[in-house]
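Working through the structure, step by step
The residues making up each chain are set out below.
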Amino acid sequence: NKGQNDLSFDATTTLVHFSSYDTQSAGANQRVHLQWIGGAWRPFVAGDLKVASLNELNVLLGDFLPEPLRYLRGTITPGVAYVKDKAEIGVSLAVSKTKYESEFDLFGFRRDNDRVQPAIYAKFNGENFSFAGAVSYFRAASRDADFSDVKAILFEASVAASWDKWSGEAALARSAEDTSFPISPVTINTAAHAKLMREIGGKTAAGIFARMLSREYCDSPFYSRTRTAGIEVRRDFD
C-alpha cells in the first residue's frame, strides 16, 4: 500500500543465483518495510531475513570447497528520513545476527557473527540529474577467537546525468561482503564504475564503460583486483 494514507507498507522478495570462475552463490531475501509518510519527517523500520549459500575458489585447496557455506541472517533497521521536494536525507541503524548451518567450517573455524551498522544517507532525483550517497560505520563481532572483530568505514556514492543525446553515470562504493575464505571473516570491497552513452537515432544507444573491484581479505595479506572495460549497445523495440 505504498503511498496510500499516511502509512506505507511494502514487501520485497529477492532470489539470486550467481556463478563465475571463482564464485558460486545463491540466496533468497525477504524484506518488509514500514514507514510513516504523513509529513516531511518520516520514521521507518525494515526487517530482512536472508538464506544464502556461498562457495569461492579456495587458494589453499586450489578448487572450490566440497560443500558451500550456508547461513541464515536476520536484520532489523530502524531509522528516520526527512523528505523535501526531490531530496531526502536520513539516518538508520542496522543490527543483524548471522548463523551458519554448520558450527565449524571445513578448516575448523566458527563463522557466526553479530553486526551493527549506523548510517547516514542522502539522495536527490532531478529531471536530468540524480545523486545518492551514504556513509556508515560497520562493526562485525565474530564468535571465533581466531577472527578479529571487523571495524570499517563504508560508503557509497553515485551520480547520473543526461544532456541532449548523451547520458553518463559514475559510482564508487566500499562495502563488507561475506566470504568462504577460511582465515577471513569478511572481505572489504572497493568498487568503481563509470559509463558514457550516446543515442544513435531514436531507438539505439551506444557507449563505453569501465569497472574496478578490489577485495581485501580481513585477517590475511591476501587481496584480489579485477578490472573490466567494454562497450555497450542498447536497442529498443516496439
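It should be emphasised that the depicted structure is a prediction, and the values quoted were computed from it without experimental measurement. (Residues numbered from 1 in each chain as written. Predicted model: local features only at pLDDT ≥ 70, side-chain atom pairs only at ≥ 80, totals over all residues. Heavy atoms only, no water.)

1. Side note on the sheet that holds strand S7 (residues 129–142)
Applicable threshold: Only when DSSP finds a minimum of two bridges between them are two strands counted as paired. Counting from the N terminus, the helices are DSSP H or I runs at least four residues long and the strands are E runs at least two residues long. For helices, the fitted axis covers only the stretch in contact; all axes are lines through C-alpha atoms, and the angles between them, taken along N-to-C directions, range from 0 to 180 degrees.
In spatial order, the strands read S1-S2-S3-S4-S5-S6-S7-S8-S9-S10-S11-S12; together these 12 strands make up an open sheet with antiparallel pairing. Either end of the sheet is taken by a strand with one partner, and the two such strands are strand S1 (7–19) and strand S12 (223–235). Geometrically, the sheet is characterised by an average inter-axis angle of 15° between neighbouring strands, direction not taken into account. Taken together, the 9 bridges between strand S8 (residues 150–163) and strand S9 (residues 166–178) define a ladder with antiparallel strand orientation. Across the sheet, residue Glu 156 finds its bridge partner in S9, namely Ala 173.

2. With respect to the environment of Leu 15
This is how the line gets drawn: Residue burial is assigned from relative accessible area. The probe radius is 1.4 Å, only protein chains are included, and a residue is buried under 20% of its type maximum, exposed over 50%, and partly exposed in between. In this analysis, two residues are considered to be in contact whenever any of their non-hydrogen atoms come within 4.5 Å of each other.
Structurally, Leu 15 can be placed in strand S1. Looking at Leu 15, the relative accessible area reads 69%, which means it is exposed. Between the C-alpha atom of Leu 15 and that of Lys 50, which follows or precedes it by 35 residues, the distance is 9.9 Å. Once you skip the residues sitting within four places of it in the chain, Leu 15 turns out to touch Gly 27 and Ala 28.

3. Re the packing of aromatic side chains
Note the following rule: Two aromatic rings, drawn from Phe, Tyr or Trp (for Trp, its six-membered ring), form a pair once their centres lie within 6.5 Å of each other, and the interplanar angle then sorts them: stacked below 30 degrees, edge-to-face above 60, tilted otherwise. A ring is considered to have a charge above it if a Lys NZ or an Arg CZ atom is located within 6 Å of its centre and within 35 degrees of its normal.
If you walk through the whole model with that rule in mind, you get 5 aromatic pairs. Ring geometry for Trp 41 and Tyr 82: centres 4.9 Å apart, planes at 55°, overall tilted. In this pair, Trp 41 sits in strand S3 (residues 41–56) while Tyr 82 sits in strand S4 (residues 69–84), placing the two residues 41 residues apart along the sequence. Following the ring pairs from residue to residue traces out a cluster consisting of Phe 181, Tyr 217 and Phe 222. Residue placement shows Arg 235 over the ring face of Phe 237; its charged tip is 5.9 Å from the ring centre.

Note that every value here comes from positions in space, so none of it alone points to a role or purpose.
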